[in-house]
Amino acid sequence: MKSIKEQIIGTWKFVSWVYTNEKNETVHYFEEGSEGVLMYDEAGNMNAQIMRPGRSTFKSGAIAGGTKEETKEAFDSYLAYFGKYYETEPGKIIHKVEGALFPNWLGNEQIRYGEIVDDKLIIKTQPISAPYGEIVFTVTWKRK
């Protein structure tokens with residue numbers, strides 16, 4: 001595998017986010033029709049944002065005025081984080097999280113394995129233990 005650090009610089013449009021389980025079944029984690037953006041710059045900064053389609057608005061119209069249910073739905077239908085990135089070996093990209101919607105990621109290093117196929121960036125996680133077995137997430141992006 002060859003280095004991809006210089007090849008990933010730019011803006012990428014979300015295509016899909018799936019996971020594969022131990023039975024080799026593929027499941028959409030964020031449903032089809034979701035949208036998002038992934039950006040890498042030459043200085044080593046990155047950010048990723050993905051949202052599900054059909055998100056509901058808050059009835060109050062105020063950013064801090066959502067009910068518990070509205071706020072939970074907003075949190076569950078959006079993923080966002082930013083930070084630094086670097087490549088430790090060809091195709092192994094580390095996202096050092098500086099800010100995230102999911103607070104448990106703050107300060108963490110998220111290991112990603114990337115490859116470019118045609119005009120797509122395919123990023124996979126390490127195997128992750130889940131209540132229903134071990135899974136691997138695959139997020140596909142298309143160059144904007």
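Owing to the predicted nature of the structure, the values given are computational and were not obtained by experimental measurement.

Criteria and cut-off values
- Residues numbered from 1 in each chain as written.
- Predicted model: local features only at pLDDT ≥ 70, side-chain atom pairs only at ≥ 80, totals over all residues.
- Heavy atoms only, no water.
- Helix = DSSP H or I, 4+ residues; strand = E, 2+ residues; numbered from the N terminus.
- Buried < 20%, exposed > 50% of the residue type's maximum accessible area, 1.4 Å probe, protein only.
- Contact = heavy atoms within 4.5 Å.
- Pairing = 2+ DSSP bridges.
- Salt bridge = Lys/Arg side-chain N within 4 Å of Asp/Glu carboxyl O.

Trainee: Sorry if this is basic, but what is going on with the side chain of Thr140 here?
Mentor: Within the fold, Thr140 resides in strand E10 (residues 133–143). Residue Thr140 is classed as buried on the basis of its relative accessible area, which comes to 12%. Setting aside its immediate chain neighbours within four residues, Thr140 contacts Lys13, Phe14, Val15, Ser16, Lys120, Leu121 and Ile122.

Trainee: Teacher, can you tell me more about the pairing of strand E6 (residues 92–100) here?
Mentor: Taken residue by residue, a regular strand's side chains alternate between the two faces of the sheet. As paired strands, strand E5 (residues 78–89) and E6 are joined by eight bridges and run antiparallel to one another. Note that in E6 the partner of Lys84 across the bridge is Lys96. With antiparallel pairing between neighbouring strands as the criterion, E5 and E6 make up a hairpin whose turn holds two residues, including Gly91 at a positive phi of roughly 85°. Of the pairings in the sheet, the one linking E6 to strand E7 (residues 109–117) comprises five bridges and is antiparallel in character. When the bridges of E7 are listed, Lys92 appears paired with Tyr113.

Trainee: Where do I start with the pattern of salt bridges in this structure?
Mentor: Two side chains bearing opposite charge may form a pair once their charged atoms approach each other closely. Within this structure, the stated rule accounts for three salt bridges. One salt bridge in this structure joins Arg52 and Glu31, with 3.2 Å as the shortest N-O distance. Taken together, the positions of Arg52 in the loop between strand E4 (45–51) and helix H1 (68–76) and Glu31 in the loop between strand E2 (26–30) and strand E3 (35–40) put the pair 21 residues apart, joining distant regions of the chain. Residue Glu31 is classed as partly exposed on the basis of its relative accessible area, which comes to 37%. Here Lys72 and Asp76 are joined by a salt bridge, their closest N and O atoms 2.4 Å apart. Of the two residues, Lys72 and Asp76 are both situated in helix H1; the distance of four residues between them amounts to about one turn of the helix. Taking relative accessible area as the criterion, Lys72 reaches 51% and is therefore assigned exposed. The class of Asp76 is partly exposed, set by a relative accessible area of 34%.

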